[in-house]
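# Observations on chain architecture
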Amino acid sequence: MPEGDLLHRFLFENLAIRGHLVRLDASWRATIEHHDYPRPVSDLLGEALAACVLMAGSLKFSGRLSLQIEGPGPVRLLLAQCTHRHGIRGVARHGEVPADGSTVASLFGGGQLAVTIEQDGRAEHYQGLVSLEQAQLAACLEQYFGRSEQLPSRLLLAARPDRTAGILLQRVAAAGAESESPHAAEADDAWRRIGLLAATLSSAELLELPCRDILRRLFSGDDIRLFAGTPVHFRCACSRERVSGILRSLGEGELQALLRERGDVEVCCEFCNRAWHFDAVDVAGLFSAVGRQPAPRGLH
Ligand SMILES: [Zn+2]
């Protein structure tokens, strides 16, 4: 697939609208290869990852963008992450899930979607929240853009076990377009028109058509500049240091009990399935003055 695992940026030459298009193949399959997700869960995770890459396409600094959904329903947690270098990973935790016909709201039993942006080297991070009121993840995220970022956006997402794809259109503020000017009314009309055209794209087209053909099929009457794609790859951020921090937070007593029971402590990364081993000496080192460092935040 020549177009797989690429994030494309594009812009309308004559309108204050920009966009991103992404299709994930190998990187998506690597994300789920160690998991046996039921189809509704893998589709949702695929859509979330595509959305995450599209959103990370606008990151202006070194860091990471995460989409996290939590709720009391059959799917308890979904986490998708993309770095500024377009390294992706994601995971979902779930119980018994209905085979089909589920909405995002019903899969999570309501719940909330959080968008978190972390900048490398900074302790504080940005977080925006939106409650899951829509049937589809894309619509929930459109709501997020409208409310949290005041950035009118149209988002289409599609996923299947071997591929996931998405297109994001965003209206950018045009210079000199105050709300009362005739230009503003024109820009409103153009944005509505582009949104209606985008809505005609089917999931099959989004997953199958080459990037240029998607734009031509949707916006044949508009001049569009399509930029070369940036590679997206699966990359887990787990490390021995991060796992050490999590083990330290369990406490020495708990770890000594595990050592007595099993001989060593094994931690398996939820994202990449990599196993990290700690024997009695390693565990002692975790709690020595030299090895003690503050535990990192979040999942390893
Ligand atoms: Zn990992």
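Keep in mind it's a predicted model, so treat the numbers as computed, not measured.

The phi dihedral of Asp-5 falls on the positive side, at around 55 degrees, and the residue is not glycine. Checked against the element boundaries, Asp-5 lands in the segment before strand 1 (6-12). Judged by local crowding, Asp-5 falls into the buried class, with 23 C-beta atoms found within 10 Å. One non-glycine residue, His-86, lies in the positive phi region at around 65 degrees. Checked against the element boundaries, His-86 lands in the loop between strand 4 (75-83) and strand 5 (87-94).

Now for the nonpolar core. Ranked by size, the top nonpolar core spans 72 residues in total, and within it Ala-48, Leu-49, Ala-50, Ala-51, Cys-52 and Val-53 carry the most contacts. It is helix 2 (residues 39-56) that contributes the most residues to this core, 12 residues altogether. No fewer than three residues from each of domain 1 (6-173 + 181-234) and domain 2 (240-286) sit in this core. Aside from chain neighbours lying at most four places away, what touches Ala-50 is Val-22, Leu-24, Leu-157, Ala-159, Thr-164, Ala-165 and Gly-166.

Once that is clear, we can look at helix 2. Relative to the 26 Å expected for 18 residues at 1.5 Å per residue, helix 2 spans 25 Å between its end C-alpha atoms, a close match to the ideal helical length. Burial analysis of helix 2 places 17 of its 18 residues in the buried class, the great majority of the element.

What follows is about the pairing of strand 14 (residues 275-278). Strand direction decides the pairing type here: strand 13 (residues 265-268) and strand 14, joined by four bridges, are antiparallel. Bridge assignment links Cys-268 to a residue of strand 14, and that residue is Ala-275. Connecting strand 13 to the antiparallel partner strand 14 that follows it, the hairpin turn spans six residues, and Asn-273 within it adopts a positive phi of roughly 70 degrees.

As assigned here, the chain comprises domain 1 (6-173 + 181-234) and domain 2 (240-286). For domain 1 and domain 2, the distance between their C-alpha centres works out to 35 Å.

Across a sheet, strands are paired by hydrogen bonds formed along the backbone, either parallel or antiparallel in direction. Strand order in the open sheet made by the six strands is 7-6-3-4-5-12, with mixed pairing throughout. Two strands close off the open sheet at either side, each with one partner strand: strand 7 (125-131) and strand 12 (233-234). Set on the sheet, helix 2 makes contact with strand 3 (63-70), strand 4 and strand 5; between it and strand 4 the angle comes to about 30 degrees. Packing of helix 4 (residues 137-148) onto the sheet brings it into contact with strand 6 (112-119) and strand 7, and relative to strand 7 it is tilted by some 120 degrees.

What counts as what
Residues numbered from 1 in each chain as written. Predicted model: local features only at pLDDT ≥ 70, side-chain atom pairs only at ≥ 80, totals over all residues. Helix = DSSP H or I, 4+ residues; strand = E, 2+ residues; numbered from the N terminus. Buried ≥ 20, exposed ≤ 12 C-beta atoms within 10 Å, placed from the backbone. Core = buried A, V, L, I, M, F, W, Y, C linked by C-beta atoms within 7 Å. Domains from an automatic or database assignment. Contact = placed C-beta atoms within 7 Å. Expected span 1.5 Å × (residues − 1). Pairing = 2+ DSSP bridges. Axes fitted to C-alpha atoms, helices over the stretch in contact; angles between N-to-C directions.

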